[in-house]
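Analysis of the macromolecular model
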Amino acid sequence: MSKIVLTVDNRDKTGKGPARRLRAAGKVPAIFYGKKTEPIKIAVDNHEFRKAVEQAGTNPLFDLQITEKGEVSTRRALLKDRQTRPWDGTLVHLDFLEVFMDESIQVTVPLEFEGKPAGLDKGGMFHVASRELVISCLPDDIPDVIKVDVSGLDIGDSVHVGAITLPKGVVALEDAGVALATLAAPKKEEEAEAEAPTEEAEAGGKTETS
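Everything in this summary refers to the structure shown in the same document.

The rules behind each value
Residues numbered from 1 in each chain as written. Predicted model: local features only at pLDDT ≥ 70, side-chain atom pairs only at ≥ 80, totals over all residues. Heavy atoms only, no water. Helix = DSSP H or I, 4+ residues; strand = E, 2+ residues; numbered from the N terminus. Buried < 20%, exposed > 50% of the residue type's maximum accessible area, 1.4 Å probe, protein only. Areas by Shrake-Rupley, 256 points an atom, 1.4 Å probe, with all protein chains shown as cover. Contact = heavy atoms within 4.5 Å. Salt bridge = Lys/Arg side-chain N within 4 Å of Asp/Glu carboxyl O.

Comments concerning the overall build of the protein chain
The number of helices and strands found in the protein chain is 4 helices and 14 strands. The buried share of the protein chain, taken over its 210 residues, is 33%. Working note: accessible area of the protein chain is about 12,900 Å², and carbon and sulfur atoms make up 48% of it.

Quick look at the environment of alanine 179
You can see alanine 179 is positioned in strand β14 (residues 179-184). With 17 residues separating them along the chain, alanine 179 and glycine 162 place their C-alpha atoms 9.1 Å apart. Apart from the residues lying within four places of it in its own chain, the contact partners of alanine 179 are Ala129, Ser158, Val159 and His160.

Digging into the pattern of salt bridges
Scanning all chains against the criterion turns up 10 salt bridges. Aspartate 121 is the salt-bridge partner of lysine 116, the closest N and O atoms lying 2.9 Å from each other. Take aspartate 121: its relative accessible area is 63%, and that puts it in the exposed class. Put simply, aspartate 154 and lysine 122 hold a salt bridge, and the shortest N to O gap is 2.9 Å. With aspartate 154 in the loop between β11 (146-149) and β12 (158-160) and lysine 122 in the loop between β8 (105-114) and β9 (125-128), this pair connects stretches of sequence that are 32 residues apart. Note on aspartate 154: relative accessible area 26%, which makes it partly exposed.

Okay, here's the thing in structure tokens:
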């Protein structure tokens, strides 16, 4: 689990005008909030944030150095939301959620599929249904990635949430029966089955005579 230390500025003014001026100065408007604290409006250095996040893994924890009542305090947080402009990727706003090391939190973690499915050599086609998983765990136990072994998949097989091995302390919050990946039958075989008339269909087209 990566931890990022960021020194942030407090901000009093809100609205589009102040936000534009902050971004022009290389800052990103942000907010820090949690169930045990009142929301605090802050501004984060754009370059420092991007550089730190690029070097960190998935779901890094942030130690925010926030000035409160004239004193600097460290508040641990998880990046809950990142808003960007779709046309140029400019950071518009950041949401930081306060976390406590002894309390479980909910996060989404990427999945990494490992191994060559046994049915590939028979013409099977590997399909990924989901590339991420919603989990719950303590902040220190958040994995960068969850690896899923698919080497045992034969044609027609699927790997489900309930069948994967999770790191210690991690609980999946999705239904155990949800399929994450499937090894489907070859296209030709599927098409042949779809085109082949059933016995009932063939019988339905004939009229019996006595």
